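Here is what each chain is made of, one letter per residue.
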Amino acid sequence: MTKRWLIPVLLLMVFALAACGGQPEVTPTPEATPTVTPTPTPEPTPTPDPIAERLAGMTVEQKVGQLLVAGIDGLEPGDDGAQAVADYQVGGMILFGRNVESAGQLTQLTNGLKALNGDYVPLFLSVDQEGGRVDRMPREVDALPAAYDYIQAGGDPQARGQVLAAECAAFGLNLNFSTCLDVWSNPENTVIGDRAYGTDWESVTQAGLAVNQGLTEGGVIPVVKHFPGHGDTLEDSHETLPVVDKTLEELKEDELKPFQAAVDQGVPVVMVGHILMRQIDPENPASLSDQVVTGLLRQEMGFDGVVCTDDLTMAAISDSYGMGEAAVLAVEAGCDLLLVCHEADNLTAARDALLEAVNSGRISMDRLDESVYRLLALKAEWGLTNLPVEEPDIEALNARLQAILP
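Residues numbered from 1 in each chain as written. Predicted model: local features only at pLDDT ≥ 70, side-chain atom pairs only at ≥ 80, totals over all residues. Heavy atoms only, no water.

1. Topic: the overall build of the chain
- Along the chain, the regular secondary structure elements total 16 helices and 10 strands.
- Expressed as a percentage of the 406 residues in the chain, the buried residues total 54%.
- Split by element, the accessible area of the chain, about 18600 Å² in all, is 53% carbon and sulfur. (Helix = DSSP H or I, 4+ residues; strand = E, 2+ residues; numbered from the N terminus. Buried < 20%, exposed > 50% of the residue type's maximum accessible area, 1.4 Å probe, protein only. Areas by Shrake-Rupley, 256 points an atom, 1.4 Å probe, with all protein chains shown as cover.)

Written as structure tokens, this is what we have:
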């Protein structure tokens, strides 16, 4: 029998435990971690590319026009200048002695071409002002000695480049086909001869790159020529197709060294000559050869700038190719800028053939855009404009030239 006195005691113990929190310990449930929705990282705003935007807004006709540099016959823009600039919207113009009479006239000519161009993509206003026997300056401007003679007499090549730039810029010219990197290794070569800076690759490289530096400092686009080298030929490409029968290894030991140095220096434009490099491409002259332009110059030597042809109206090309086909082959080879220096009919033939090649798919739109982008970018980088220039101070220009003569 249960003792009655235990009941009150047990009840007191239960109440005491309850008062002291003596209930079984319960492990608290942890609070749930709140779900945080990550803030999405905004996509970076693409950097605007004004060159691509300009390119995207151009017609096929305008793009093809940018590939062409045209020559004219007279001392004024004339009908052929109006056709080239206003109608075909060419990328540039090239002037020769036939276009130059006096300082005032040359200033009016370049300003007139700019006026025809209006507010469109600025023109390459180009010339091959080398000095010596290749001199395009007005008669009021003093003559500069030939490249070889100047260097042999101890002249400063960088100062020479600065003066060449000053001569060009004074008349509104912004691109100069002036720097022969040909090694005058064949004494019987007359087309190059004293236009070269030396008879060995070392002297040609040293002087040629310094001339380019001077041109750059003067704000004029330097062009090196005549890739892969015209100094070891007998023939003149104005009259026939010269042939070089050297292996690539032999070329790398001599002719190509100045050009490779120029590429490494960052030269913006390389002109390819009309020379048959028989050991590289036995079928096509260098200017129309994929093996030479794309394979050698671009891929092997690493050049990513503008590739320009020599004049497509020269006999080395015109005797074997129609003007239209030559222009198409040059673009297929990898050239960006095509010189058509003589006769308005030749310019029309080149333009029409290029348009047909693009419209038929022979030249893809990507290939066309590749070249036009390079050309637009070069013009933008060098700050080309359509602004007119004032007639220059010839006395100051001549004083500057006289100061650098050895």
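2. Side note on the confidence of the model for the chain
- For the chain, per-residue confidence averages 90 on the pLDDT scale, and residues scoring 70 or more make up 88% of the total.
- For residues 1-29, every residue scores under 50 in pLDDT, and the model assigns this stretch 2 contacts once sequence neighbours within four places are set aside. (pLDDT = per-residue confidence, 0-100. Contact = heavy atoms within 4.5 Å.)

3. Here's the deal with unusual backbone geometry
- Of note, the bond from Lys-225 into His-226 is cis; its omega dihedral lies within 30 degrees of zero at -5 degrees.
- Take His-226: it is sitting in strand E5 (residues 221-227).
- In this structure, Pro-228 follows Phe-227 across a cis peptide bond, with omega equal to 5 degrees.
- With respect to the helices and strands, Pro-228 occurs in the loop between E5 and strand E6 (243-244).
- One non-glycine residue, Gln-89, lies in the positive phi region at around 50 degrees.

4. Some points on the sheet that holds strand E4 (residues 175-180)
- Strand order in this open sheet of 8 strands is E9-E7-E5-E4-E3-E2-E1-E10, and the pairing throughout is parallel. Either end of the sheet is taken by a strand with one partner, and the two such strands are strand E9 (306-309) and strand E10 (338-340). Neighbour-to-neighbour, the strand axes of this sheet turn through a mean angle of 30 degrees, independent of strand direction.
- Note that strand E2 (residues 92-95) and strand E3 (residues 124-127) share 4 bridges and pair parallel. Considered in E3, the bridge of Leu-95 is made with Val-127. (Pairing = 2+ DSSP bridges. Axes fitted to C-alpha atoms, helices over the stretch in contact; angles between N-to-C directions.)

5. Describing the packing of aromatic side chains
- One pass over the structure, following the stated rule, counts 2 aromatic pairs.
- Aromatic pair Tyr-148 and Trp-184: ring centres 5.2 Å apart, planes at 85 degrees, arrangement edge-to-face. In this pair, Tyr-148 is assigned in helix H6 (residues 147-152) and Trp-184 in the loop between E4 and helix H8 (201-217), connecting sequence segments 36 residues apart.
- Assessed through its relative accessible area of 18%, Trp-184 is described here as buried.
- With a centroid separation of 5.3 Å and an interplanar angle of 90 degrees, the aromatic rings of Phe-227 and Phe-259 are classed as edge-to-face. With Phe-227 in strand E5 and Phe-259 in helix H10 (residues 256-265), this pair connects stretches of sequence that are 32 residues apart.
- A relative accessible area of 0% places Phe-227 in the buried class.
- The lysine or arginine in question, Arg-160, covers the ring of Tyr-150, its NZ or CZ lying 5.0 Å from the ring centre.
- When the ring centre of Phe-124 is taken as reference, the NZ or CZ atom of Lys-379 above it lies at 4.7 Å. (Phe/Tyr/Trp six-rings, centres within 6.5 Å; stacked < 30°, edge-to-face > 60°. Lys NZ or Arg CZ within 6 Å of the ring centre and 35° of its normal.)

6. Some points on the environment of Ala-357
- Within the secondary structure, Ala-357 sits in helix H14 (residues 344-360).
- Here Ala-357 falls in the buried class, since its relative accessible area comes to 4%.
- Taking the C-alpha atoms as reference points, Ala-357 and Val-328, 29 residues apart in sequence, are found 7.1 Å from one another.
- Among residues more than four places away in sequence, those in contact with Ala-357 are Val-328, Arg-362 and Ile-363.

7. Re the pattern of salt bridges
- With the rule as written, the count across this model stands at 14 salt bridges.
- Of the charged contacts in the structure, one is a salt bridge between Arg-133 and Asp-194, with a shortest N-O distance of 2.8 Å. Of this pair, Arg-133 sits in the loop between E3 and H6 while Asp-194 sits in the loop between E4 and H8; the two residues are 61 residues apart in sequence, bridging distant segments of the chain.
- Note on Asp-194: relative accessible area 23%, which makes it partly exposed.
- Connected through salt bridges with shared partners, the residues Arg-298, Asp-336, Arg-367, Glu-370 and Arg-374 form a single ionic network. (Salt bridge = Lys/Arg side-chain N within 4 Å of Asp/Glu carboxyl O.)

8. As for the packing of helix H13 (residues 323-333) against H14
- At a closest axis distance of 7 Å, the pairing of H13 and H14 adopts a crossing angle of 55 degrees. Accordingly, the angle class assigned to the pair H13 and H14 is oblique. In the packing of H13 onto H14, the handedness of the crossing is right-handed. Across the interface between the two elements, Met-323, Gly-324, Ala-327, Val-328 and Val-331 of H13 pack against Asn-346, Ala-349, Ala-350, Ala-353, Leu-354 and Ala-357 of H14.
- Of the residues that constitute the contact of H13 with H14, the class distribution is 9 nonpolar, 2 polar and no charged. (Parallel < 35°, antiparallel > 145°, perpendicular 65-115°, else oblique. Left-handed = near helix turned anticlockwise from the far one by under 90°. Nonpolar A, V, L, I, M, F, W, Y, C, P; charged D, E, K, R; others polar.)

9. Observations concerning the packing of helix H7 (residues 157-170) against helix H16 (residues 394-403)
- Their axes nearest at 10 Å, the elements H7 and H16 cross at an angle of 165 degrees. Classed by the angle they form, the pair H7 and H16 counts as roughly antiparallel. Crossing hand, H7 versus H16: left-handed. Where H7 abuts H16, its residues Gln-162, Val-163, Ala-166, Glu-167 and Ala-170 lie against Leu-397, Arg-400 and Leu-401.
- Here the residues of the contact of H7 with H16 are counted per class, giving 5 nonpolar, 1 polar and 2 charged.

10. Here we look at the nonpolar core
- Among the nonpolar cores identified, the biggest contains 118 residues, and Met-93, Phe-171, Phe-227, Leu-338 and Leu-354 are the most heavily contacted of them.
- Looking at this core element by element, the count peaks at 8 residues for H13.
- For Phe-227, the residues in contact, after removing those within four places along its chain, are Leu-256, Phe-259, Val-270, Met-271, Val-272, Gly-273, Ile-275, Ala-286, Val-292, Leu-296, Leu-297 and Met-301. (Core = buried A, V, L, I, M, F, W, Y, C linked by side-chain atoms within 4.5 Å.)

11. A look at the side chain of Asp-281
- Within the secondary structure, Asp-281 is located in the loop between strand E8 (276-277) and helix H11 (290-300).
- Although buried, Asp-281 forms no salt bridge, and the nearest oppositely charged side chain, Arg-278, lies 10 Å from it.
- Of the polar contacts made by the side chain of Asp-281, one reaches the backbone nitrogen of Glu-283; its length is 3.0 Å.
- Other than its neighbours up to four places away in sequence, Asp-281 contacts Leu-276, Ser-289 and Gln-291. (Lys, Arg positive; Asp, Glu negative; His and termini not counted. Polar contact = N/O pair within 3.5 Å; in protein donor to acceptor, adjacent residues only side chain to side chain.)

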